[in-house]
Amino acid sequence: MIGALARIWNIPDLRAKILFVLAMLVIFRLTANIPIPGVNPDNLKAFFQGNQLLGLMNIFSGGGLSNFSIVAMGVAPYITASIILQLLVMIIPRLEALQKEGEYGRQKINQYTRFLTVPLAVLQSYGLIALLRQSPRPILGDVDLFTTGAMILTLTAGTVFLMWIGELISEQKIGNGISLLIFAG
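Residues numbered from 1 in each chain as written. Predicted model: local features only at pLDDT ≥ 70, side-chain atom pairs only at ≥ 80, totals over all residues. Heavy atoms only, no water.

## Quick look at the overall build of the chain
- Counting its secondary structure elements, the chain contains ten helices and zero strands.
- Of the regular secondary structure in the chain, the N- to C-terminal order runs α-α-α-α-α-α-α-α-α-α.
- Oriented by its inertia axes, the alpha-carbon framework of the chain measures out at about 55 × 50 × 30 Å.
- The burial tally for the chain puts 35% of its 185 residues in the buried class.
- Contacts in the chain between residues far apart in sequence, at least 24 positions, make up 69% of those at least 6 positions apart.
- Per element, the accessible surface of the chain, about 11,000 Å² overall, is 67% carbon and sulfur.
- A distance of 7 Å separates the average location of the 13 positive side-chain charges in the chain from that of its 9 negative side-chain charges. (Helix = DSSP H or I, 4+ residues; strand = E, 2+ residues; numbered from the N terminus. Buried < 20%, exposed > 50% of the residue type's maximum accessible area, 1.4 Å probe, protein only. Contact = heavy atoms within 4.5 Å. Areas by Shrake-Rupley, 256 points an atom, 1.4 Å probe, with all protein chains shown as cover. Lys, Arg positive; Asp, Glu negative; His and termini not counted. Charge placed at Lys NZ, Arg CZ, Asp CG, Glu CD.)

And the structure:
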């Protein structure tokens, strides 16, 4: 096993790809610790300790949810968009024909998935903010319309950023980028 790892490490191209993937995973972990301004961290931690479902969601977001970080939603909106499109391919004949067109069709479906991710991220971020507003302890403080919009924009941008990192990792052909981000979480 160690000999195989040593041989892999001695191939410069493969070593560069592995280091790139590791760097992207480190960037993901760093962004999971950048909180959105205006969050009371003590009340947020207490809120997550009292809810097991949110604790599970926090695991899938890579710990970003418990910090209410800029990548708090993780890649969940992308995964949801992917599942929705997979179901739509079975229902809509035009999408089914597109999927059967080979590489071009796959790229087009991936593009539709990316486009669908953005509105899903907006909806999910609004839901998350609304959930945190309902906490008995003030987590977000006094949030006006502008602050809510800025938070939604930040959380959506965080999801798009992770989606981009996942695609960069996938381009290195070391593994599925989104799956590696979930694993790193």
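## Remarks on helix α9 (residues 145–171)
- With 27 residues, α9 ought to run about 39 Å at 1.5 Å a step, and its terminal C-alpha atoms sit 39 Å apart, in line with that.
- In the stretch just after α9, Lys-173 is the one whose phi turns positive, near 60°. (Expected span 1.5 Å × (residues − 1).)

## Let's talk about the nonpolar core
- Core analysis: the biggest nonpolar cluster contains 19 residues, and Phe-68, Leu-132, Leu-140 and Leu-155 have the highest contact counts within it.
- Only α3 (41–49), α8 (103–133) and α9 provide two or more residues apiece to this core.
- Ranked by residue count, the leading element in this core is α8, at four residues.
- One finds Val-21, Val-71, Met-163 and Leu-168 within the second-largest nonpolar core, a separate group that totals 15 residues. (Core = buried A, V, L, I, M, F, W, Y, C linked by side-chain atoms within 4.5 Å.)

## Here we look at α8
- The first and last C-alpha atoms of α8 sit 45 Å apart over 31 residues, in line with the 45 Å expected at 1.5 Å per residue.
- Residues Gly-105, Ile-109, Thr-113, Thr-117, Leu-120, Ala-121, Ser-125, Leu-128, Ile-129 and Leu-132 constitute the buried set of α8.

## Details of the environment of Ala-16
- Tracing the sequence through the fold places Ala-16 in helix α2 (residues 12–31).
- Given a relative accessible area of 47%, Ala-16 falls into the partly exposed group.
- Remark: the alpha-carbon pair of Ala-16 and Gln-172, spanning 156 residues in sequence, is separated by 9.4 Å.

## As for the pattern of salt bridges
- Applying the stated criterion across every chain yields a total of four salt bridges.
- Asp-13 is paired through a salt bridge with Lys-17; the nearest N and O atoms lie 4.0 Å apart. One end of the pair, Asp-13, and the other, Lys-17, are both in helix α2, four residues apart, so they sit about a helical turn from each other.
- According to the relative accessible area criterion, Lys-17 is partly exposed, its value standing at 24%. (Salt bridge = Lys/Arg side-chain N within 4 Å of Asp/Glu carboxyl O.)

## Quick look at the packing of aromatic side chains
- A complete count under the given rule lists one aromatic pair for this structure.
- The interplanar angle of 40° and the centroid separation of 6.1 Å between the aromatic rings of Phe-161 and Trp-164 together place this pair among those described as tilted. Within this pair, Phe-161 and its partner Trp-164 are both found in helix α9, separated by three residues, close to a single helical turn.
- Given the relative accessible area of 27%, Phe-161 is considered partly exposed.
- The positively charged end of Arg-29 is found above the aromatic ring belonging to Phe-28, 5.7 Å away from the centroid. (Phe/Tyr/Trp six-rings, centres within 6.5 Å; stacked < 30°, edge-to-face > 60°. Lys NZ or Arg CZ within 6 Å of the ring centre and 35° of its normal.)

## Here's the deal with the side chain of Thr-31
- In this fold, Thr-31 is placed in helix α2.
- For Thr-31, the residues in contact, after removing those within four places along its chain, are Ser-69, Ile-70, Val-71 and Phe-161.

## Observations concerning a nonpolar patch on the surface
- Taken together, the side chains of Ile-79, Ile-83, Ile-84, Leu-87, Leu-88, Met-90, Ile-91, Ile-92 and Ile-182 make up a nonpolar region of the molecular surface, amounting to roughly 750 Å² of accessible area.
- The element that contributes the greatest number of residues to the nonpolar patch is helix α6 (residues 76–91), accounting for seven residues.
- Note that Ile-91 resides in helix α6. (Patch = residues over 30% accessible without salt bridge, like charges linked within 9 Å, V, L, I, M, F, W, Y side chains within 5 Å.)

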